[in-house]
Each structure stands twice: as structure tokens, then as C-alpha cells.
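# Structural overview for review
Here is how the chains run, residue by residue.
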Amino acid sequence: MTVPAALSAPPARRRGRFGVHLFLTAVSLAFLAPLLLAVYASLRPYEETAAHGYFSLPRHLSFDYYKQAFVDSGMSKYFLNSLVIAVPGVLLTLFLASFVAFAVSRLRIRGGIVLLMVFTAGNLLPQQVIVTPLYVLFNRIPLPYWMSDSLTMYDSLWAVIAVQVAFQLGFCVFVLANFMRTLPREILEAAIVDGAGVWAQYWRVTLPLCRPALAALGTLQFTWMYNDFLWGLVFLSEGDKLPVTSALNNLRGQFFTDYNLLAAGSVLVALPTILVFLLLQRHFIAGLTLGASKG
């Protein structure tokens, strides 16, 4: 009869594992506490929490605030704006980053390391530093009427997409370049022997092997672009074009704010990112643990 590994381990090791699990549970609860409190508050009437406090036992629970938050804030159009920004931004960022990472890590080009350092150094620049130059620049870049109502890049979703791609590109290039270096070079050499050109080496050989890393980066990039509030506020002047994060301002009154209603709106705004993570969870975790078992 075989003994389970957990029972066969020495007592000191079992106590160590128990301590690690206890610590991780405490950290997880600490991170989840604000979200759980927001969900709990969104299910209770404001009058009840005002009278008994947010940490009191509930007397009435309902989803009325969710319906009110979705309708009063006009959240549907803001959801669409955020998706129009995030989805093309993520796809364009991953495509450009993977192409640059392939050239830097798999092709023998001059200055490849310097190019990688330049892309990585771009992440060290605070975004707020170039808000004013970008504002002036986008007001001077003309666009046709079917791309922008203002006939310039300012006050168009193109401006937000361009900034998101530019600022996220360096991080993705750094991650993908380091991942591609771990791929067996014999696979690429075999493709070259079979007559594969540079595009075939990139599209048909390298990219399929990078699926876990691309999924992990795609999840992170969608979360960052979807949750961004700064660039939409700076480069979009019309309220109908703002991302969904700005829709929460519509739930704030001039003299009174129902924070339970605001909590319901915040939970609704967070749902797409949670859904994306659940759909890509397996690939995301695989991407984070790549190389963990390599000696």
C-alpha cells in the first residue's frame, strides 16, 4: 500500500507547507477584500448601510443597483468604446512586439541587443511626462472625416489606440524576446532546410510555439488597456467616445453620491477583465510558469 506524499513528508516539511498555504491564503483574501466588499455593498440599499454600517449583517439583498447603474450611466456605449480601444490595441501590440522580438532573438541582425534595450528603456519613461507634447502633436495630425469627426487625430479613438500600443510595445518585446531565446534553435534550422523564408519562420514556426506567452501577455494587455483612464480623458473631448472607466463619473451626483450604486457600477466595469482571465486562465498560468522546470 502506497502512502500519500503529503503524509510521508517529514513533520517539519508539512508544517512549512501549511505555513506557506496559510500565508498565500491570507494574501489572497487581502487582495480580494476590496472586491468582496464592493460586491457586498452593491447588493444592499444605501439606507441600510448608512444606518447600520457596511460591515453589518444584511437585511435586504437585491440586484436593483446593477440594473440602475447600467441604465443611468449609459454603460453599453462606453463598453463598446473600451472594446474598440482594447481589442485592436492588444492585437496590434502583440503582432508588432512578436515581429520585433523574432528579429531581435532569432535573426542575426546588427544592433539587436541595442534595439531590445531601446524598447525596454521606453517603459522607464513616465507617461505623464509626454501628455502635453502628444496633445499638441495629435492636434496637428490630419485624418479624413470618416476616421475622425474633428479631422485630426485628437478627439478620436485612434489617438488612444496609438498611445496604448506605443507604451505597451516595449514590455511585450522584452518578454517575447526572452521567451523566443528559450526555443530550440534546431526547429528553426529544420524549417530553413525545408525552404521556409523569414515570414514562414515567424508565422508558421515561431508564433505557434509562443502561444502560452502570447496568451499571458494578451490577458495583461487587455486588462491594462481596458482599465486605462488617463489617455481617454486627455485625448477625447466628446463624452460619447470615452471608455467605460469614465462612465462611473455619471453615477456621481452633484451634491450626493450613492456609493452602493457606484460599487455596482464598478463591479460591472470589472466583469469583462474577469471574463477574459477565466477564458485564458490555462494559457495565462502556463505562460507565467514557463521555464520554471528548466535547469
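You'll find the structure just up there.
Residues numbered from 1 in each chain as written. Predicted model: local features only at pLDDT ≥ 70, side-chain atom pairs only at ≥ 80, totals over all residues. Heavy atoms only, no water.

This part is about the overall build of the chain. When helices and strands are counted, the chain shows 14 helices and 0 strands. Secondary structure elements of the chain, listed N to C terminal, follow the sequence α-α-α-α-α-α-α-α-α-α-α-α-α-α. Computed over the C-alpha atoms, the radius of gyration of the chain is 24 Å, more than 25% above the 19 Å expected from 2.2 N^0.38 for a compact globule of 295 residues. For the chain, with 295 residues in total, the buried portion stands at 39%. (Helix = DSSP H or I, 4+ residues; strand = E, 2+ residues; numbered from the N terminus. Rg over C-alpha atoms; globule rule 2.2 N^0.38 Å. Buried < 20%, exposed > 50% of the residue type's maximum accessible area, 1.4 Å probe, protein only.)

Further remarks concern the pattern of salt bridges. Applying the stated criterion across every chain, the model contains 4 salt bridges. Between Arg44 and Glu48 there is a salt bridge whose closest N-O contact spans 2.8 Å. By relative accessible area, Arg44 is classed as buried at 1%. A relative accessible area of 10% places Glu48 in the buried class. In this structure, Lys241 engages Asp155 in a salt bridge whose closest nitrogen and oxygen atoms are separated by 3.8 Å. Placement of the pair is Lys241 in the loop between helix H12 (230–235) and helix H13 (259–279) and Asp155 in the loop between helix H7 (131–140) and helix H8 (157–180), with a sequence separation of 86 residues. Like Lys241, the residue Asp155 is buried in the burial classification. The structure contains a network of salt bridges with shared partners spanning Asp149, Asp155 and Lys241. (Salt bridge = Lys/Arg side-chain N within 4 Å of Asp/Glu carboxyl O.)

Taken as a whole and judged by the stated rule, the model has 2 cavities of 30 Å³ or more. Estimates place the volume of the largest cavity at around 40 Å³. Looking at the largest cavity, the residues that line it are Ile85, Val160, Gln164, Met225, Asp228, Gly232 and Pro243. Within the lining of the largest cavity, the residues separate by chemical class into 4 nonpolar, 2 polar and 1 charged. Contributing to the lining of the second largest cavity are Arg106, Leu183, Pro184, Ile187, Leu188, Val205, Thr206 and Leu209. The set of elements that each furnish at least two residues to the lining of the second largest cavity consists of helix H9 (185–193) and helix H10 (198–209). At 3 residues, H10 tops the list of elements feeding residues into the lining of the second largest cavity. Each residue belonging to the lining of the second largest cavity can be placed in one class, and the counts come to 6 nonpolar, 1 polar and 1 charged. (1 Å grid on protein atoms, 1.4 Å probe; cavity = no way out; pocket = protein on both sides within 12 Å on 5 of 7 lines; lining within 4 Å. Points joined across faces, edges and corners; volume = space filled by probe spheres on them. Nonpolar A, V, L, I, M, F, W, Y, C, P; charged D, E, K, R; others polar.)

Tallying each qualifying case throughout the model produces 15 aromatic pairs. With a centroid separation of 5.5 Å and an interplanar angle of 55°, the aromatic rings of Trp199 and Tyr202 are classed as tilted. Of this pair, Trp199 and Tyr202 are both found in helix H10, 3 residues apart, which corresponds to roughly one turn of the helix. Here Tyr202 falls in the buried class, since its relative accessible area comes to 0%. Among the aromatic residues, those joined into a ring-pair cluster are Phe95, Phe99, Phe102, Trp199, Tyr202 and Trp203. (Phe/Tyr/Trp six-rings, centres within 6.5 Å; stacked < 30°, edge-to-face > 60°.)

What follows covers the environment of Trp224. Inspection of the secondary structure assignment puts Trp224 in helix H11 (residues 211–227). For Trp224, the contacting residues outside a window of four places in its chain are Gln168 and Phe171. (Contact = heavy atoms within 4.5 Å.)

Another aspect to go through is the nonpolar core. The nonpolar side chains of a soluble globular protein tend to be buried with one another. One finds Phe138, Val163, Leu176, Tyr226, Trp231, Phe235 and Val244 to be the most contacted residues of the largest nonpolar core, which totals 68 residues. By residue number, the principal contributor to this core is H8, which donates 14 residues. Discounting chain neighbours no more than four positions away, the residues touching Phe235 are Val131, Leu134, Tyr135, Phe138, Tyr154, Asp155, Ser156, Ala159, Val160 and Val163. (Core = buried A, V, L, I, M, F, W, Y, C linked by side-chain atoms within 4.5 Å.)

This paragraph deals with the side chain of Ser62. Position of Ser62 relative to the elements: it lies in the loop between helix H3 (46–52) and helix H4 (64–72). On the basis of relative accessible area, Ser62 is assigned to the buried category, the value being 19%. Among the polar contacts made by the side chain of Ser62, one reaches the side chain of Asp64 at a distance of 3.4 Å. With residues up to four places along the chain from it excluded, the contact list for Ser62 reads Ser42 and Leu43. (Polar contact = N/O pair within 3.5 Å; in protein donor to acceptor, adjacent residues only side chain to side chain.)

Attention now moves to the packing of helix H6 (residues 112–121) against H8. Viewed as axis vectors pointing N to C, H6 and H8 meet at an angle of 135°, and their least axial separation amounts to 7 Å. Overall, the two elements H6 and H8 adopt an arrangement that is oblique. Crossing angle aside, the handedness with which H6 passes H8 is left-handed. Contacts from Leu116, Phe119 and Thr120 of H6 reach H8 at Leu169, Gly170, Val173, Phe174 and Ala177. (Axes fitted to C-alpha atoms, helices over the stretch in contact; angles between N-to-C directions. Parallel < 35°, antiparallel > 145°, perpendicular 65-115°, else oblique. Left-handed = near helix turned anticlockwise from the far one by under 90°.)

With respect to the helices and strands, the residue Asn260 is situated in helix H13. Setting aside residues up to four positions removed in sequence, Asn260 forms contacts with Ala41, Ser42, Arg44, Pro45, Tyr46, Thr49, Tyr54 and Tyr65.

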